[in-house]
Amino acid sequence: QVQLVESGGGLVQAGGSLRLSCAASGIIFSIFPMGWYRQAPGKQRELVAAITSGGTTNYADSVKGRFTISRDNAKNTVYLQMNSLKPEDTAVYYCKVRYKNFDYWGQGTQVTVSS
């Protein structure tokens, strides 16, 4: 079965950095686009960044220039490097893959940015 496991969240001061990882299993990872999403308390889940199988990326306007999504197909892992973090980046971060018309999500990892 498809499984996604996120890691790398934590508490960081504003201006700091974190790198999130999402390890995938149960799929031929290299052929699937992957996405990072986040959900803050009381808000809807939103797309943060996405990467195609070919490595093309796109970002939410709020994170452009600060976050970088990448993938290592040999490790079945997608990353989210987050720099210059702001308190408004505080959220639970999830990775997602769409497989056979179904969205699979990881369990999420908490990112808290203190001011």
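Above this note sits the structure.
It should be emphasised that the depicted structure is a prediction, and the values quoted were computed from it without experimental measurement. (Residues numbered from 1 in each chain as written. Predicted model: local features only at pLDDT ≥ 70, side-chain atom pairs only at ≥ 80, totals over all residues. Heavy atoms only, no water.)

## Section: the state of the cysteines
Quick reminder of the rule: Cysteine sulfur atoms are paired as a disulfide whenever they fall within 2.5 Å. Helix numbering and strand numbering both begin at the N terminus, where a helix is a DSSP run of H or I of at least 4 residues and a strand a DSSP run of E of at least 2. When a residue's accessible area, from a 1.4 Å probe over protein chains only, is under 20% of the maximum for its type it is buried; when over 50% it is exposed; and in between it is partly exposed.
A full pass over the atoms with the stated rule returns one disulfide. Bridging Cys-22 to Cys-95, the disulfide has an S-S length of 1.9 Å. Because the sign of the S-S torsion sets the handedness, a value of about 55° for the bond joining Cys-22 and Cys-95 places this disulfide among the right-handed ones. Of the two residues, Cys-22 is situated in strand S3 (residues 18–25) and Cys-95 in strand S9 (residues 91–99); the sequence distance between them amounts to 73 residues. This pair shows no difference in class: Cys-22 is buried, exactly as Cys-95 is.

## So, the packing of aromatic side chains
Rule in force here: What counts as a ring pair is set by centres within 6.5 Å for rings of Phe, Tyr and Trp (its six-membered ring), and what kind of pair is set by the plane angle: stacked under 30 degrees, edge-to-face over 60, tilted for all other angles.
Inspection of every chain in the model, using the stated rule, returns five aromatic pairs. Residues Tyr-37 and Trp-105 carry aromatic rings whose centres are separated by 4.9 Å and whose planes lie at 70° to one another, so their mutual orientation is edge-to-face. Highlighted residues: Tyr-37 in strand S4 (residues 34–39) and Trp-105 in strand S10 (residues 102–105), separated in sequence by 68 residues. On the accessibility criterion, Tyr-37 (16% relative accessible area) is buried.

## Some details on the sheet that holds strand S8 (residues 77–82)
Note the following rule: We treat two strands as partners when DSSP finds at least two bridges between them. Axis lines are fitted through C-alpha atoms, for helices just across the contact stretch, and the angle between N-to-C directions can take any value from 0 to 180 degrees.
Read across the sheet, four strands follow the order S1-S3-S8-S7 without closing on themselves; strand pairing throughout is antiparallel. Taken across any chain shown, the strands that pair with only one partner, and hence form the sheet edges, are strand S1 (3–7) and strand S7 (67–72). The sheet shows a mean angle of 15° between the axes of neighbouring strands, taken without regard to direction. Bridge count between S1 and S3: five bridges; the pairing is antiparallel. Residue Gln-3 lies in a different strand from S3, and its bridge partner there is Ser-25.

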